[in-house]
Amino acid sequence: MRVLLVSANTHTQPYPVYPLGLDYVAGAIAERHPVCIVDMNVQEDGKSLAKAIEGFGPEVIGLSIRNVDTTDITHPDGFFSKYKGLVGAIRAQTAVPLVLGGSGFAIFPEPMMSELGADYGIIGEGERLSLLLDALERREDVPPIPGIVTQRSAAVVPPPWSGKITRRFDACLPHVAFYLKRGGMLNLQTKRGCGFHCIYCTYPLIEGRSLRLFDPEEVGQTARELQEAGARYIFVTDAAFNSSGFHSLAVAKAFKKAGVSIPWGAFFAPVSMDRDYFRILADAGLRHAEFGSESLSDPVLKAYRKPFRAENVFEAHTAAVEAGLHVAHYFLFGGPGENSDTVNETLERIEQLAKCALFLFCGMRIYPQTELNNLSRHERQVDDTRNLLEPVFYHSSRIESEEILARVRQQANGRSNWLIGDGGEPAAHILSRMHARGHSGPLWEYLIR
């Protein structure tokens with residue numbers, strides 16, 4: 001069957017993100033099914049999707065929905081209306097089966113199936129599309145398949161994908177050139193799953209809790225392939241690159257063995273690691289370490305169910321800086337346990353984090369099937385009548401969101417390395433100009449003074 005895969009994401013702040021998931025979906029089906037990929041970020045004439053439908057003649061269309069909003073209380077922009085418009089444009093041109101997937105869909109399967117009028121949906125990993133295509137080819141009613149939903153079936157979170165995981169990267173596709181021209185950043189995955197239990201996290205819905213480690217040698221070869229395709233920077237998309245310390249070190253070793261010479265970055269949990277851990281990674285090309293630190297108040301970290309405390313954040317920060325890395329911390333104010341004293345404690349202690357960029361989010365987004373959602377229901381902040389598709393944020397009973405934002409802005413005091421949220425349009429505009437001038441990577445290190 002001819003399958004058209006569409007990346008619906010057009011959010012480019014602070015920079016456009018390569019649609020890695022579709023490479024894996026294509027890898028799962030391309031041996032038996034012709035595949036065409038359309039990235040809605042690459043719509044310079046606004047007609048690429050229509051041309052692909054007309055020229056390729058798909059028998060099935062898979063629509064990948066990466067995110068549903070900005071998750072930023074200072075810019076609470078929801079994307080669902082854009083997705084409705086996109087589905088409307090597809091339906092105006094063809095009536096072939098429409099399959100929804102992606103991380104955003106996995107969080108909101110039932111309302112999206114209903115509102116978008118899709119034929120099928122895939123909760124969790126998109127490789128399950130191969131099972132759906134097999135059933136459609138047999139021209140029979142689709143049997144119950146874990147993770148596959150219809151308008152009539154219940155949305156049940158499936159176990160992690162147990163089949164083969166293969167990335168199909170084609171450097172000749174137009175959307176690859178789009179990202180190479182805008183920062184030269186391509187993405188890489190080294191594992192799936194996350195064993196942490198953060199109160200707000202949706203990763204268990206998307207990838208599961210059990211870690212599934214990719215073969216380091218294969219990861220290294222993929223990184224080399226991206227480099228040879230023209231990538232000037234690689235970002236590792238794992239929930240936390242160091243959630244398996246031994247595996248992350250093996251990947252770094254594989255990078256060196258494969259001859260990867262371009263810089264790379266990753267997201268880390270500031271948990272206790274060996275003292276030389278970041279030096280080893282830096283020697284293998286790591287340049288940017290982004291920490292999900294969230295707070296520097298231990299009661300708040302405990303309420304967030306973080307696997308670390310403030311002391312660990314400072315230890316990880318020092319180790320990364322001493323290894324010569326560019327360091328950034330993400331903080332998330334306003335969740336359970338937050339009050340005026342904890343906000344002040346975090347802001348005061350942040351001043352001790354030298355030589356880093358700070359991304360300060362003042363509001364915790366509520367998503368279905370998370371512990372935060374359960375708590376919000378218990379506190380009667382949300383109920384069954386509340387539509388969580390549009391941005392909804394948790395509100396601590398002990399401090400107003402407006403007060404938090406005011407305190408953070410006051411402390412930031414216009415300093416370039418203190419960004420409220422992701423920096424919004426001004427930061428995105430600056431990054432876009434720097435990328436156009438040939439700079440590569442996330443570039444937030446230029447904000448550090």
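Presented here is an overview of the structure given in this document.

Definitions and limits used
Residues numbered from 1 in each chain as written. Predicted model: local features only at pLDDT ≥ 70, side-chain atom pairs only at ≥ 80, totals over all residues. Heavy atoms only, no water. Salt bridge = Lys/Arg side-chain N within 4 Å of Asp/Glu carboxyl O. Helix = DSSP H or I, 4+ residues; strand = E, 2+ residues; numbered from the N terminus. Buried < 20%, exposed > 50% of the residue type's maximum accessible area, 1.4 Å probe, protein only. Phe/Tyr/Trp six-rings, centres within 6.5 Å; stacked < 30°, edge-to-face > 60°. Expected span 1.5 Å × (residues − 1). Contact = heavy atoms within 4.5 Å.

Further remarks concern the pattern of salt bridges. The tally for this structure, following the rule as stated, stands at 20 salt bridges. For the salt bridge of R32 with D134, the shortest nitrogen-to-oxygen distance reads 2.6 Å. Taken together, the positions of R32 in the loop between α1 (20-29) and β2 (35-39) and D134 in helix α6 (residues 129-137) put the pair 102 residues apart, joining distant regions of the chain. When its relative accessible area of 25% is taken as the criterion, D134 is described as partly exposed. For the salt bridge of E371 with R305, the shortest nitrogen-to-oxygen distance reads 4.0 Å. Residue E371 is located in helix α15 (residues 371-378), and its partner R305 is located in the loop between α12 (298-303) and α13 (310-322); the two are separated by 66 residues in the primary sequence. Several salt bridges share partner residues, and in doing so they unite E125, E127, R192 and R212 into one network.

Below, the discussion takes up the packing of aromatic side chains. Considering all chains together, one arrives at 15 aromatic pairs under this definition. With a centroid separation of 5.1 Å and an interplanar angle of 85°, the aromatic rings of F255 and W264 are classed as edge-to-face. With respect to class, F255 is no different from W264; both count as buried. Consider the rings of Y330 and F361, whose centres lie 6.5 Å apart with planes at 15°: the pair is stacked.

A few words on α13. Taking 1.5 Å per residue as the helical rise, α13 with its 13 residues ought to reach 18 Å, and the 19 Å between its terminal C-alpha atoms agrees with that figure. Residues of α13 that are buried: A310, N312, V313, F314, A316, H317, A319 and A320. In this structure, the buried residues of α13 make contact with α11 (277-283), β12 (286-294), α12, β13 (326-333), α14 (340-350) and β14 (356-362). A positive phi of about 85° marks G324, the residue just after α13.

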